[in-house]
Amino acid sequence: MSTSVLDLFNIGVGPSSSHTVGPMRAAREFMGQAEDAGLLAKVARTETRLFGSLGATGRGHGSDKAVILGLMGENPRDVDVDAIDATIETVRGEKRITLMGSQTVTFEEDTDLLLLPRERLPFHPNGMQFALYDAEGNELQKAIYYSIGGGFIVSELEAKKDKFIEPKVKQPYPFTSGAELLAHCEKTGKRISDIMLANERVFRSADQVRAELLEIWSVMQGCVDRGCRSEGQMPGLKIKRRASALYKQLSERPERALTDPLTIMDWVNLYALAVNEENAVGGRVVTAPTNGAAGIVPAVMHYYARFVPGANDDGIIRFLLTAGAVGLLFKLNASISGAEVGCQGEVGSACSMAAAGLTEVLGGTPEQVENAAEIGMEHNLGLTCDPIGGLVQVPCIERNAMASIKAINAARLALRGDGKHFVSLDKVIRTMRITGRDMQSKYKETARGGLAVTVPIAATVVDC
């Protein structure tokens, strides 16, 4: 395995890694290629087609806005989240778009950005096609991309050649399974975080790894802080934000923790709600490993940082490295895409990752870490992705809070054992993949099953 943990945890924008971050990256990459080929000055029209799950929930997940921003040259990490709505409103109002900040062309969204939920490209449910045309209607450039979860994108050529997993880079401790990872730990006496750090140093120095992981942590903290201070309704379903009110309740009566130790659970719930409410409104978040599950790892990390004696930045680094190791196993051997395997691939993977990270920093052995990761996923198997209105709000926001608590409990269960257990992490990952394959498509981020249909809303597509 040669994907970096810093590819898995990346700074982006809500509400969805696969439906917002991925399309924005793909559109920008496509336009960057056109710019490099000297084609921009010849472009008179663009056309984007979003297939399958992207077409089904694209409006609610902001895929349309993401494509527009990507065509303009924006990227998820740096885009000004406070200026997005104004930018989109200008493009739609003027019916013109400036490609890569230099070539302005007409833009009729009804014909130039097509959502095709009933059509699917062969490799993945999240397929998209971009094309550029000159003034005579001649095709200048065309390409197909897939958004495979967590903000990762692959081109049609990469998909056909099965090169989408990662480039081949020689690492000191390669592993493609939990068993291989544990074998490295047993042979060297290293912790899982030590193994991961050694592998990360193939890409960058130890100081760079530390600095970038602490930046990830800083963005996570900032996201929680904004979520705790923001009030009002979330767009789309018009649901009231709850994190700010909960924060006030907990802050005004801190002495409650003296008589009710489960108050700590309220704080963990708060951290998760704060992140996912920010994600729902298109705020700055960290994919962990996706946006739909972005609150779980930060919530459990906040639990560690604020309620565990002796917590420090070294522990934060170890937490993220360990969680990343587990996340990479899910990405490699199953999927972290809700459109491919349902929410078990998002919330389930994040729960497993958070459980592993917490177990590591609480002094767990590698075997106990693997056990915690397995528990975290085993009890999320079969979890469907059924967002009401195609929005990352219900059940997604509360689901992150529930999984955060579950991750902490998984860690505690594992730490009370000796690391020996009946079902291995590798077996549960394989089970998740098989379960996702057997799951009907209506339960995989299409808003055509589950709560999305039993709790009906207005027939018109909800725009986020």
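Residues numbered from 1 in each chain as written. Predicted model: local features only at pLDDT ≥ 70, side-chain atom pairs only at ≥ 80, totals over all residues. Heavy atoms only, no water.

**Student:** Teacher, can you tell me more about the overall build of the protein here?
**Tutor:** Counting secondary structure elements, the protein contains 21 helices and nine strands. The C-alpha radius of gyration of the protein comes to 22 Å, within 12% of the 23 Å expected for a compact globule of 464 residues. Principal-axis analysis of the C-alpha atoms gives the protein an extent of 70 × 50 × 40 Å. Looking at the protein alone, contacts between residues at least 24 apart form 77% of all its contacts between residues at least 6 apart. In the form shown here, the protein has an accessible surface area of approximately 19,000 Å², with 50% of it arising from carbon and sulfur atoms. Each charge class in the protein can be summarised by its mean position, and for the 50 positive and 56 negative side chains these summaries are 3 Å apart. (Helix = DSSP H or I, 4+ residues; strand = E, 2+ residues; numbered from the N terminus. Rg over C-alpha atoms; globule rule 2.2 N^0.38 Å. Contact = heavy atoms within 4.5 Å. Areas by Shrake-Rupley, 256 points an atom, 1.4 Å probe, with all protein chains shown as cover. Lys, Arg positive; Asp, Glu negative; His and termini not counted. Charge placed at Lys NZ, Arg CZ, Asp CG, Glu CD.)

**Student:** How do you make sense of the environment of Y271 when you look at a structure like this?
**Tutor:** Tracing the chain through its elements places Y271 in helix 13 (residues 263-280). When near neighbours in sequence (up to four residues on either side) are disregarded, Y271 contacts V224, A299, H302, Y303, R306 and F307.

**Student:** Please clarify how the side chain of H184 should be interpreted in this entry.
**Tutor:** Relative to the assigned elements, H184 resides in helix 8 (residues 178-188). For H184, a relative accessible area of 17% corresponds to the buried category. Engagement of the side chain of H184 in a polar contact is seen with the backbone oxygen of P174, the distance being 2.6 Å. Not counting the four nearest positions on each side in its chain, H184 is found in contact with Y173, P174, F175, G189 and I195. (Buried < 20%, exposed > 50% of the residue type's maximum accessible area, 1.4 Å probe, protein only. Polar contact = N/O pair within 3.5 Å; in protein donor to acceptor, adjacent residues only side chain to side chain.)

**Student:** Explain the pattern of salt bridges to me, please; I cannot follow it from the model alone.
**Tutor:** Pairing of side chains with opposite charge becomes possible as their charged atoms draw close. Under the defined criterion, the tally for this structure stands at 25 salt bridges. As a salt-bridge pair, R77 and E215 come within 3.0 Å of each other at their nearest N and O atoms. With R77 in the loop between helix 4 (63-71) and helix 5 (84-94) and E215 in helix 10 (residues 206-229), the pair connects residues that are 138 residues apart, well separated along the chain. Relative accessible area serves as the criterion here: at 38%, R77 is assigned to the partly exposed category. Note that E277 is salt-bridged to R241, the shortest N-O span being 3.7 Å. In this pair, E277 is assigned in helix 13 and R241 in the loop between helix 10 and helix 11 (243-252), connecting sequence segments 36 residues apart. No difference in accessibility class separates E277 from R241, as the two residues are buried. (Salt bridge = Lys/Arg side-chain N within 4 Å of Asp/Glu carboxyl O.)

**Student:** Looking at this model, I keep getting lost on the environment of P125. Mind explaining?
**Tutor:** Note on placement: P125 falls in the loop between strand 5 (113-116) and strand 6 (127-133). Accessibility expressed as a relative area gives 9% for P125, which makes it buried. Sequence separation of P125 and E445 is 320 residues, and the distance between their C-alpha atoms is 9.5 Å. Each residue touching P125, except ones within four places of it in the same chain, is listed here: F51, G52, S53, L54, R120, A339 and E340.

**Student:** Even after reading the chapter, I still don't get the pairing of strand 8 (residues 152-155), so can you show me in this structure?
**Tutor:** The side chains of a regular strand alternate between the sheet's two faces. By the alternation rule, side chains of strand 8 split into F152 and V154 and I153 and S155, which are all buried. Looking at chain direction, strand 7 (residues 139-149) and strand 8 are connected through four bridges and run antiparallel. The partner of Y145 across the bridge, within strand 8, is S155. (Pairing = 2+ DSSP bridges.)

**Student:** In this structure, what is going on with a negative patch on the surface? I would like to understand it.
**Tutor:** A cluster of acidic residues, E74, D78, D80 and D82, forms a negative patch on the protein surface. On the secondary structure map, D78 appears in the loop between helix 4 and helix 5. (Patch = residues over 30% accessible without salt bridge, like charges linked within 9 Å, V, L, I, M, F, W, Y side chains within 5 Å.)

**Student:** Would you take a moment to explain the packing of aromatic side chains for this structure?
**Tutor:** The geometry of an aromatic ring pair is captured by two quantities: the separation of the ring centres and the angle between the planes. For the coordinates displayed, the defined rule picks out six aromatic pairs. Between the aromatic rings of F123 and Y146, the centroid separation amounts to 5.1 Å while the plane-to-plane angle is 75°, which identifies the pairing as edge-to-face. With F123 in the loop between strand 5 and strand 6 and Y146 in strand 7, the pair connects residues that are 23 residues apart, well separated along the chain. Exposure remark for F123: the relative accessible area of 26% places this residue in the partly exposed category. (Phe/Tyr/Trp six-rings, centres within 6.5 Å; stacked < 30°, edge-to-face > 60°.)

**Student:** Would you explain the state of the cysteines in this entry?
**Tutor:** In protein structure, a disulfide is the covalent linkage between the sulfur atoms of two cysteines. Within this structure, the stated rule accounts for zero disulfides. Of the cysteine sulfurs around C343, a residue in no disulfide, the closest is that of C385, at 5.5 Å. The exposure class assigned to C385 is buried, which follows from its relative accessible area of 8%. (Disulfide = S-S within 2.5 Å.)

**Student:** I would appreciate a short explanation of the confidence of the model for the protein in the present structure.
**Tutor:** In low-pLDDT segments, the atomic positions of the prediction should not be examined closely. Averaged over all residues, the pLDDT of the protein equals 93, while 96% of them reach at least 70. When the criterion is pLDDT under 50, residues 459-464 qualifies, and its contacts beyond four places in sequence or with other chains add up to 20 contacts. (pLDDT = per-residue confidence, 0-100.)

**Student:** Looking at this structure, I do not really get the packing of helix 2 (residues 17-36) against helix 4. What am I missing?
**Tutor:** A pair of packed helices is characterised by two quantities: the angle between their axes and the separation of those axes. Direction vectors running N to C along helix 2 and helix 4 enclose 25°, while the axes themselves pass 7 Å from each other. It follows from the interaxial angle that helix 2 and helix 4 lie roughly parallel. Crossing geometry of helix 2 relative to helix 4 is assigned as right-handed. Residue-level contacts link H19, T20, P23, M24, A27, R28 and M31 of helix 2 to S63, A66, V67, L69, G70 and L71 of helix 4. (Axes fitted to C-alpha atoms, helices over the stretch in contact; angles between N-to-C directions. Parallel < 35°, antiparallel > 145°, perpendicular 65-115°, else oblique. Left-handed = near helix turned anticlockwise from the far one by under 90°.)

**Student:** Help me out: how do you make sense of the environment of T188 in this one?
**Tutor:** Looking at the element boundaries, T188 is found in helix 8. A residue is classified by how much of its surface remains accessible, and T188, at 33% relative accessible area, is partly exposed. Residues in contact with T188, not counting those within four places in the same chain, are Y173 and I195. Within the structure, the side chain of T188 is placed 2.7 Å from the backbone oxygen of H184, a separation counted as a polar contact.

**Student:** In this structure, what is going on with the sheet that holds strand 8? I would like to understand it.
**Tutor:** Either a parallel or an antiparallel arrangement is found when strands of a sheet pair, and the pairing is made through backbone hydrogen bonds. Across the sheet, five strands lie side by side as 5-2-6-7-8; this open sheet has mixed pairing. The strands lining the two open edges of the sheet, one partner per strand, are strand 5 and strand 8. Strand-to-strand twist in this sheet, taken as the mean axis angle between neighbours without regard to direction, amounts to 20°. Sheet topology note: the strand 2 (residues 45-51)/strand 5 ladder contains four bridges and is parallel.

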